[in-house]
Amino acid sequence: MSRKPFYLLPLLALPLQAGAATPAQTLSEVASALGAESLQSIQFSGAGSDYALGQFGHAGEAWPKFIDKSYQRVVSFAPWATELQRTRLQGENPPRGGGGQPIFGEQQQTQSVTAESPSAISLQSELAVTLPQAFIKAAQQASDLKAEEQHAGGKHYTVLSFTAPNKARTRGWVNAQHQIERVETQIDNPVYGDVNYEAQFSGYRDFGGVQFPGHIVQKAGGYPVLELNVSEVKLNVPAQIKASVPPTPVLASEPLGKDVWLISGGYAAVAVGFKDHVLIIEGGQNDQRSEAVIAEAKRLFPGKKIGALVNTHAHFDHAGGLRNYVAEGATIITHESNVPYFQKVWANPHRLAPDRLALHPRPAKFRAVKDELLLSDGEHSVQLFRLQDFGHNDGTLVAYLPNEKVLVEADAFNPPASPLTQTPASISPFQQSLVANIEARKLVVERIVPIHLPADNRKIAYTELLTAVGRIDSKAQLSLTETK
Ligand SMILES: [Zn+2]
């Protein structure tokens, strides 16, 4: 091997030399080289893999993989908006982790973000780590563009940096050919705090008059979220992107038994009024949802403190509201494998969007569950147990309420929008696992309360789960329904 040059120090920063290009001049040269000057919109397509952030099989593992048989993204720069259309295939075999697993056959997905979307604030940061032209457009709109010279890996770079609308300092490494090789930024996440995002753009070539990377690798929190081989780029395509903003569900409470309430209007939460405190089962979704559930529980049980919160599993959509319960002083009850993970990620900075716990820090109190835990005050009982052989996430708890014959579960059975009247052609191993766990423990279940409530808000009878896994036929279930 040849001797390494002396300047091969990692990211050695040097001040700009006298007479060197100003940051704006450098940016202008990059915009010219990458064809961004007259760009109003761009569409790129290809194939590769995506990975579902926060949907690991075990807390702290890499994000689970999906095959993107096709991937097409339209990006508009005026106004900022994007639409993604992709065809996904199962990437983990056997299925392990969340994000819509298991996929049987092909899954078509369309996702769009516009100025009206809840995530609009971080759109420029997200796009800056997706395609270099978005980095350029965002940098052009920033008021604090800076440049510095760096040597890294034996190459010379000009590092352009600016503050994006979500307050994240965003950096792009420009090489001697005025190509952006690497971009770093941050995006807020309610569980993880300020998540580091980075992109590697390589294999630049001419796509119909514009220099575009042939290969894009994007990471979030240290693990890949996108690997794309680009096959086609189109410039200034008509981009009529509509926001897919779902209607806000209305908060409502339904009694499940004495001092037991189902709080709907988002991810389901169940509030149990023990003698000296309120227990909430699931603090999912986000801070907004947990604020609403906490307020509703206080209304239902005046004068009682929120003493404890049961977390079903550590997936980000099910842990999104947990920090609010820590701020409330509640003990977090979760599987023992999740405790060190929450302790680690909750220590991350929340500088981009400080939440209640970041503004008023206090240590989290945990109660770790190994295989089972009975919570009871003699009158009310909640039995927690860990799902065995559950590929969705191996640190998952379900809650059984023996008095009410209700089972509260997350992601083992997400019922479809309308009642299941026959067994689907392909049966989810996660649903089979749930039934096996219920039977192994000889639980008498009449009703399932899925954390992901069905779109029609119907009550889910246990028989619907049995139909889903082919344990009773549709005629049997229909007759059960009719005789009620
Ligand atoms: Zn999950």
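Reading guide: rules and limits
- Residues numbered from 1 in each chain as written.
- Predicted model: local features only at pLDDT ≥ 70, side-chain atom pairs only at ≥ 80, totals over all residues.
- Heavy atoms only, no water.
- Domains from an automatic or database assignment.
- Contact = heavy atoms within 4.5 Å.
- Buried area = accessible area lost by both parts, 1.4 Å probe.
- Salt bridge = Lys/Arg side-chain N within 4 Å of Asp/Glu carboxyl O.
- Polar contact = N/O pair within 3.5 Å; in protein donor to acceptor, adjacent residues only side chain to side chain.
- Donors = N, O, S within 2.8 Å, 3.2 Å for Na, K, Ca; no water.
- Tetrahedral: all angles 85-135°; square planar, octahedral: opposite > 155°, others 65-115°.
- Helix = DSSP H or I, 4+ residues; strand = E, 2+ residues; numbered from the N terminus.
- Buried < 20%, exposed > 50% of the residue type's maximum accessible area, 1.4 Å probe, protein only.
- Pairing = 2+ DSSP bridges.
- Expected span 1.5 Å × (residues − 1).

Description of the domain arrangement of the protein chain
Link 1 in the chain: Each domain of the protein chain was delimited in the assignment, giving domain 1 (14-235) and domain 2 (252-483).
Link 2 in the chain: With centres defined by C-alpha atoms, the gap from domain 1 to domain 2 works out at 35 Å.
Link 3 in the chain: Each partner contributes residues to the interface: domain 1 has 28 residues there, and domain 2 has 28 residues.
Link 4 in the chain: Note on domain 1 versus domain 2: buried area summed over both sides is about 2400 Å², and carbon and sulfur give 59% of it.
Link 5 in the chain: When residues of domain 1 are sorted by the area they lose upon contact with domain 2, P190, V191 and D194 head the list and together hold 27% of the total.
Link 6 in the chain: Viewed at the interface, domain 2 and domain 1 are joined by 1 salt bridge.
Link 7 in the chain: D394 is the salt-bridge partner of R96, the closest N and O atoms lying 3.9 Å from each other.
Link 8 in the chain: The tally of links from domain 1 across to domain 2 stands at 14 residue pairs in polar contact (both at pLDDT 80 or more).

Some thoughts on the coordination of the zinc ion
Link 1 in the chain: Summarising the metal site, the zinc ion is bound by the protein donors H313 (NE2), H315 (ND1), H392 (NE2) and D411 (OD), whose distances to it range over 2.1 to 2.2 Å.
Link 2 in the chain: Coordination at the zinc ion comes from 4 donor atoms whose angles at the metal span 88 to 169 degrees, giving a geometry best classed as irregular.
Link 3 in the chain: Along the chain, the residues that donate to the zinc ion are spaced as H-x1-H-x76-H-x18-D. Pair noted here: H313 is in the loop between β17 (306-310) and α5 (316-319) and H392 is in the loop between β21 (381-386) and β22 (397-401), with a separation of 79 residues, a long-range link.
Link 4 in the chain: Classification of H313 as buried rests on a relative accessible area of 0%.

A look at the pairing of strand β24 (residues 447-450)
Side chains on a regular strand alternate between the two faces of the sheet.
Link 1 in the chain: Where burial is concerned, the two faces of β24 agree: the one with R447 and V449 and the one with I448 and P450 are both buried.
Link 2 in the chain: Across 4 bridges, strand β23 (residues 406-409) lies against β24 in parallel orientation. Counted as the bridge partner of V408 is V449 from β24.

Regarding helix α9 (residues 429-440)
For the α-helix, the turn length of 3.6 residues means that residues three or four positions removed from each other point alike.
Link 1 in the chain: Along its 12 residues, α9 runs 16 Å from first to last C-alpha, staying within 8% of the 16 Å computed at 1.5 Å per residue.
Link 2 in the chain: Within the sequence span of α9, burial applies to F430, Q431, S433, L434, V435, N437 and I438.
Link 3 in the chain: Tucked inside the fold, the buried residues of α9 contact β21, β22, β23 and α10 (462-468).

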